[in-house]
Amino acid sequence: MSEPADPSETQQVDDAPPRRREPVFNLPPVVLAVIGICVAVYLLQQYVLNEAQQMLLLYDGAFIPVLYTGQYGFDWFLFSRPFTYAFMHGGFAHIAINMVWLAAFGSPLANRLGTLWFALFFAVTGLASVALFWAMHPYGEAPLVGASGAISGMMGAAARFGFRTDRSAGKAAFAGPVLPIALVLRYRGVVIFLAVWMIINLATGLLGFAPGVEGQIAWEAHIGGFVAGFFGLRWFDRRWQGPEWENTDLRT
């Protein structure tokens, strides 16, 4: 026979806060939306369109540098290609890798910036990616596809936060003020990340090899997006307050 519980113990159980249940997919809606569009476009390319339709979609949706030299006339897709290319991918490994990195770096950034500013950040860093790619290959005819330029911008933004995240609200978000560049470069973890990221991009791009990914890696687009995210983050972060960085502890 069990003994009656102590009234004080019963009161403590009643007063205990309910345990928070973490969702299986704890991703911001805007990140889920980008992933959903990318997956939908990929499935459309692979399983719905015929070969002629795939080529038409690639021509109208991908970024092709030579079309912007003025030699091929004007069409309205010239305005949309610098943005739509980010939602197209060249193979399963390409989209899978990009979506994993998007979830990892995009989620805390979206939770920090909010839906509107994250969407603008995605668009601007993606545009910066193709701008540098076009500047280095103005007569290139190979189509550029993939969200990795904008994702590289998110990695640049993460570096400006020193990779600090806050989970107190039940969702990971980059925390603290945007650190000045001089202070970021004194943070050993950030410097190591920047060096490794640059070496990997240059090696895979110049050698033209990446496990499971067909085609050449557009390292120029990655760098363009990263630079835009690293130096331009402050324009998108509405929470930034100048004096806070002075008391930031970077010993971790």
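Owing to the predicted nature of the structure, the values given are computational and were not obtained by experimental measurement.

### Description of the overall build of the protein
For the protein, the count of helices and strands is 10 helices and 2 strands. Across the protein, helices and strands are ordered from the amino to the carboxyl terminus as α-α-α-α-α-α-α-β-β-α-α-α. Counted over contacts in the protein with a minimum sequence separation of 6, partners at least 24 positions apart contribute 76%. For the protein, the accessible surface area stands at approximately 14,700 Å², while carbon and sulfur atoms represent 65% of it.

### What about unusual backbone geometry?
Despite not being glycine, phenylalanine 163 has its phi angle at roughly 60°, a positive value. Tracing the sequence through the fold places phenylalanine 163 in the loop between helix H7 (148-160) and strand E1 (165-166).

### Brief notes about the side chain of glutamate 220
Take glutamate 220: it is sitting in helix H10 (residues 219-232). Although glutamate 220 is buried, it forms no salt bridge, and the closest oppositely charged side chain is arginine 81 at an N-O distance of 19 Å. The residues contacting glutamate 220, other than those within four sequence positions of it, are Leu132, Phe133, Met136 and His137.

### Side note on the confidence of the model for the protein
Looking at the protein, pLDDT values average 85 and 80% of them are 70 or higher. Low pLDDT (under 50) marks residues 16-24, which in the prediction has 4 contacts with non-local residues, meaning those over four places away or in another chain. Under a pLDDT of 50 for its full length, residues 243-252 has, in the predicted model, 11 contacts with residues more than four places off or in other chains.

### Here's the deal with the environment of isoleucine 181
Structurally, isoleucine 181 can be placed in helix H8 (residues 181-184). Classification of isoleucine 181 by relative accessible area gives partly exposed; the value is 29%. As for isoleucine 181 and phenylalanine 230, which are separated by 49 residues in sequence, their C-alpha atoms are 8.8 Å apart.

### Observations concerning the nonpolar core
Counting residues in each nonpolar core, the largest one holds 48 residues, and the members touching the most others are Leu102, Leu109, Phe121, Leu144, Met154 and Leu233. Only helix H2 (29-47), helix H5 (92-113), helix H6 (115-136), H7, H8, helix H9 (188-207) and H10 provide two or more residues apiece to this core. In this view, methionine 154 contacts Leu102, Phe105, Gly106, Leu109, Phe118, Phe121 and Phe122; residues no more than four positions away in its chain are not counted.

### Considerations on the pattern of salt bridges
Evaluation of the coordinates by the stated rule reveals 3 salt bridges. A salt bridge links aspartate 60 to arginine 81; the nearest nitrogen and oxygen atoms lie 3.9 Å apart. Linking aspartate 60 in helix H3 (residues 51-61) with arginine 81 in helix H4 (residues 77-84), this pair joins segments that are 21 residues apart in sequence. In this structure, aspartate 60 and arginine 81 share a single accessibility class: buried. Where arginine 81 meets aspartate 75, a salt bridge forms, and the shortest distance between an N and an O atom there is 3.2 Å. Members of the salt-bridge network, linked through shared partners, are Asp60, Asp75 and Arg81.

The rules we used
Residues numbered from 1 in each chain as written. Predicted model: local features only at pLDDT ≥ 70, side-chain atom pairs only at ≥ 80, totals over all residues. Heavy atoms only, no water. Helix = DSSP H or I, 4+ residues; strand = E, 2+ residues; numbered from the N terminus. Contact = heavy atoms within 4.5 Å. Areas by Shrake-Rupley, 256 points an atom, 1.4 Å probe, with all protein chains shown as cover. Buried < 20%, exposed > 50% of the residue type's maximum accessible area, 1.4 Å probe, protein only. Lys, Arg positive; Asp, Glu negative; His and termini not counted. Salt bridge = Lys/Arg side-chain N within 4 Å of Asp/Glu carboxyl O. pLDDT = per-residue confidence, 0-100. Core = buried A, V, L, I, M, F, W, Y, C linked by side-chain atoms within 4.5 Å.

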